[in-house]
Amino acid sequence: MSLVTKNKIFFHWQIRTIRIRDKEKIKVFLKKIIRQEGKQLNEISIIFCSDKFLYAINKEFLNHRDYTDVITFDYSQSQEISGEIYISLERVLENAAKYGVTLQNEAERIILHGVLHLCGYKDKNKAQKKEMTAKENYYLKNIFSSTWNIKKIFHVEHQAKFKLKCLQNMTL
C-alpha cells in the first residue's frame with residue numbers, strides 16, 4: 001500500500017491566530033488555478049507562521065537576513081506540483097495595512113502567490129513581478145470572487161490580541 005497522497009492541499013499552523021472557515025472552498029479555488037495553468041496537483045502544504053519562524057527559515061535555507069511574507073519550497077516534478085508554502089501572518093497583516101486591503105484579501109493573495117510559484121512563476125525582476133501580479137489579479141477577480149463569497153472564508157479571531165501577539169513575535 002502506498003502512502004503517497006495526491007491531489008491534496010493541507011493547512012497547518014505554527015501560530016493559531018487565524019482560522020479558515022471553509023478550507024474546502026480555498027482548495028477548490030487553488031485546484032482550479034492549478035488546472036488552468038496546465039498543471040496537476042500532487043500535494044501542497046500551506047503553513048501559517050510567525051515572522052520569527054519564517055525569518056529563521058529564510059536565514060537557514062535561503063541565506064537571507066530579512067523578513068518576508070511568503071517562502072515557497074517547490075518539490076514539483078514536471079507538470080505535477082508539490083511544495084510547501086510558509087506564510088508570515090505578521091507580514092500579511094502589515095501588507096494589508098500598507099496596501100489598504102483587508103487581512104482576508106491579503107491572505108488570499110499570498111496563498112495564491114505561493115501556488116503561482118509552484119506553477120513556475122518567478123518574481124525576481126520587474127517583468128516577472130508584473131506578470132505575477134497580473135496573474136494574481138486575474139485569478140482573484142475571475143475565478144476566486146466568482147466562485148463564492150470570499151468575505152466568509154477567513155476569520156481573524158480576536159484582532160487586537162492577534163496584533164499584540166504579532167508585535168511580540170517580531171522580537172528575535
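Higher on the page you've got the structure.
A brief structural summary. Each chain carries its own residue numbering, running from 1 in the written order of its sequence. Confidence filtering applies because this is a predicted model: local features only for residues at pLDDT of at least 70, side-chain atom pairs given and counted only at 80 or more, and all residues used for totals across whole chains, interfaces and linings. As a convention, hydrogens and water are excluded, and side-chain values are obtained from all of the structure's heavy atoms.

Some points on the sheet that holds strand S5 (residues 80-88)
- Spatially, 4 strands are ordered S1-S3-S5-S4 in an open sheet, and the strand pairing comes out mixed. Every interior strand has two partners, whereas the edge strands, strand S1 (8-13) and strand S4 (70-74), have only one. Averaged over all pairs of adjacent strands, the angle between strand axes in this sheet comes to 15°, irrespective of strand direction.
- As paired strands, S4 and S5 are joined by 5 bridges and run antiparallel to one another. Pairing between two strands is assigned when DSSP locates at least 2 bridges connecting them. The helix count covers DSSP runs of H or I at least four residues long, the strand count covers runs of E at least two residues long, and both are numbered beginning at the N terminus. Axis lines are fitted through C-alpha atoms, for helices just across the contact stretch, and the angle between N-to-C directions can take any value from 0 to 180 degrees.

Some thoughts on the packing of helix H3 (residues 89-99) against helix H4 (residues 103-118)
- The contact between H3 and H4 brings their axes to 8 Å, and the two run at 115°. The way H3 lies across H4 gives a crossing that is right-handed. Contacts from Val-92, Leu-93, Asn-95, Ala-96 and Tyr-99 in H3 reach Leu-103, Glu-106, Ala-107 and Ile-110 in H4.
- Side-chain classes are defined by residue name, with Ala, Val, Leu, Ile, Met, Phe, Trp, Tyr, Cys and Pro counting as nonpolar, Asp, Glu, Lys and Arg as charged, and the others, Gly among them, as polar. Tallied by class, the residues present in the contact of H3 with H4 amount to 7 nonpolar, 1 polar and 1 charged. The hand of a helix crossing depends on one turn: near helix anticlockwise from the far one by less than a right angle means left-handed, and clockwise means right-handed. Any pair of residues with heavy atoms lying within 4.5 Å of one another is described as a contacting pair.

Some remarks on the packing of aromatic side chains
- When the centres of two rings from Phe, Tyr and Trp lie within 6.5 Å, Trp using its six-membered ring, the rings pair. Their planes under 30 degrees apart give stacked, over 60 give edge-to-face, and anything left gives tilted. The full count for this structure, using the stated rule, is 7 aromatic pairs.
- Pairing Trp-13 with Phe-48 gives two aromatic rings, centres 5.8 Å apart and planes at 25°, and the pair type is stacked. Within this pair, whereas Trp-13 is found in strand S1, its partner Phe-48 is found in strand S3 (residues 40-49), the two being separated by 35 residues in sequence.
- Whether a residue is buried, partly exposed or exposed follows from its accessible area with a 1.4 Å probe, protein chains only, as a fraction of its type maximum: under 20%, in between, or over 50%, in that order. For Trp-13, a relative accessible area of 21% puts it in the partly exposed group.

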